[in-house]
Amino acid sequence: VNPIFEIGPLEPRYSEWLVFEGISVDEDGVQHYLDATIAYKRAVLNCIKYLSQFGYTEQQVYILLSCIPCEGRISGIVDVPNAVATLAIPLAIFDRDVRPPTDIRKIETLAKGIRVLKKDVCISREGGATPHDKRLLGDWA
């Protein structure tokens, strides 16, 4: 059974948004060829991880994302082999400033724990990129 609901007569209008991006590489560093679902999941997880730096638990951010007027978009599926998805959340819903800091030292603190899981996902030849998956090489093989 799917829920049915009526949207209110006034649409919320926000002018400032904080946008999180995800690409189709999962938590283990495995690339999923043009998988927009993985990309959107990564955008949401990036948002949860980021907002948990401001005193919210990850569970609180998860619940918050289920009720705020956030905007999820497939932002790019032409960047082979990656799909890109974004999640935008309005800044006006917060009672504190959650924008990224302008002080580089604070940005470095927020970036702790970010690491490269897998390198060289694409091979570059003749100025173009080819995927590691041999089935996708076509005439390159």
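Now for a description of the structure that goes with this document. Note that the coordinates shown come from a computational prediction; the quantities given were computed from them, not determined experimentally.

## Some words on the packing of aromatic side chains
So, point 1. Per the counting criterion, the structure on display carries 4 aromatic pairs.
So, point 2. Considering the side-chain rings of Tyr14 and Trp17, the 5.9 Å spacing of their centres and the 85° angle between planes classify their relative orientation as edge-to-face.
So, point 3. Using a relative accessible area of 28% as the deciding quantity, one classes Trp17 as partly exposed.
So, point 4. Taking the ring centre of Tyr56 as reference, the NZ or CZ of Arg96 above it sits at 4.7 Å.

## Description of a nonpolar patch on the surface
So, point 1. Taken together, the side chains of Ile74, Ile77 and Val78 make up a nonpolar region of the molecular surface, amounting to roughly 330 Å² of accessible area.
So, point 2. Here Val78 lies in the loop between β2 (71-76) and β3 (84-90).

## Observations regarding the pattern of salt bridges
So, point 1. Summed over all chains, the structure comprises 7 salt bridges.
So, point 2. Between Arg99 and Glu16 there is a salt bridge, and its shortest N-O distance comes to 3.8 Å. Linking Arg99 in the loop between β3 and α3 (104-110) with Glu16 in the segment before β1 (17-23), this pair joins segments that are 83 residues apart in sequence.
So, point 3. Given the relative accessible area of 44%, Glu16 is considered partly exposed.

## Looking at the sheet that holds β3
So, point 1. The 3 strands lie next to each other as β1-β3-β2, forming an open sheet whose pairing is antiparallel. One side of each edge strand has no neighbouring strand; the edge strands of this open sheet are β1 and β2. Each strand of the sheet is rotated relative to its neighbour by a mean of 25°, with strand direction disregarded.
So, point 2. Examined bridge by bridge, β2 and β3 share 5 bridges and lie antiparallel to one another. The partner of Arg73 across the bridge, within β3, is Thr86.
So, point 3. In the packing of helix α1 (residues 36-51) onto the sheet, the strands contacted are β1, β2 and β3, and the crossing angle to β1 comes to about 130°.

## Some words on the state of the cysteines
So, point 1. Taken as a whole and assessed by the stated rule, the structure comprises 0 disulfides.
So, point 2. Unpaired in terms of disulfides, Cys67 finds its nearest cysteine sulfur in Cys70, a separation of 9.2 Å.
So, point 3. Cys70 takes part in no disulfide bond, and the closest cysteine sulfur to it belongs to Cys47, at a distance of 7.9 Å.

Conventions used here
Residues numbered from 1 in each chain as written. Predicted model: local features only at pLDDT ≥ 70, side-chain atom pairs only at ≥ 80, totals over all residues. Heavy atoms only, no water. Phe/Tyr/Trp six-rings, centres within 6.5 Å; stacked < 30°, edge-to-face > 60°. Buried < 20%, exposed > 50% of the residue type's maximum accessible area, 1.4 Å probe, protein only. Lys NZ or Arg CZ within 6 Å of the ring centre and 35° of its normal. Patch = residues over 30% accessible without salt bridge, like charges linked within 9 Å, V, L, I, M, F, W, Y side chains within 5 Å. Areas by Shrake-Rupley, 256 points an atom, 1.4 Å probe, with all protein chains shown as cover. Salt bridge = Lys/Arg side-chain N within 4 Å of Asp/Glu carboxyl O. Helix = DSSP H or I, 4+ residues; strand = E, 2+ residues; numbered from the N terminus. Pairing = 2+ DSSP bridges. Axes fitted to C-alpha atoms, helices over the stretch in contact; angles between N-to-C directions. Contact = heavy atoms within 4.5 Å. Disulfide = S-S within 2.5 Å.

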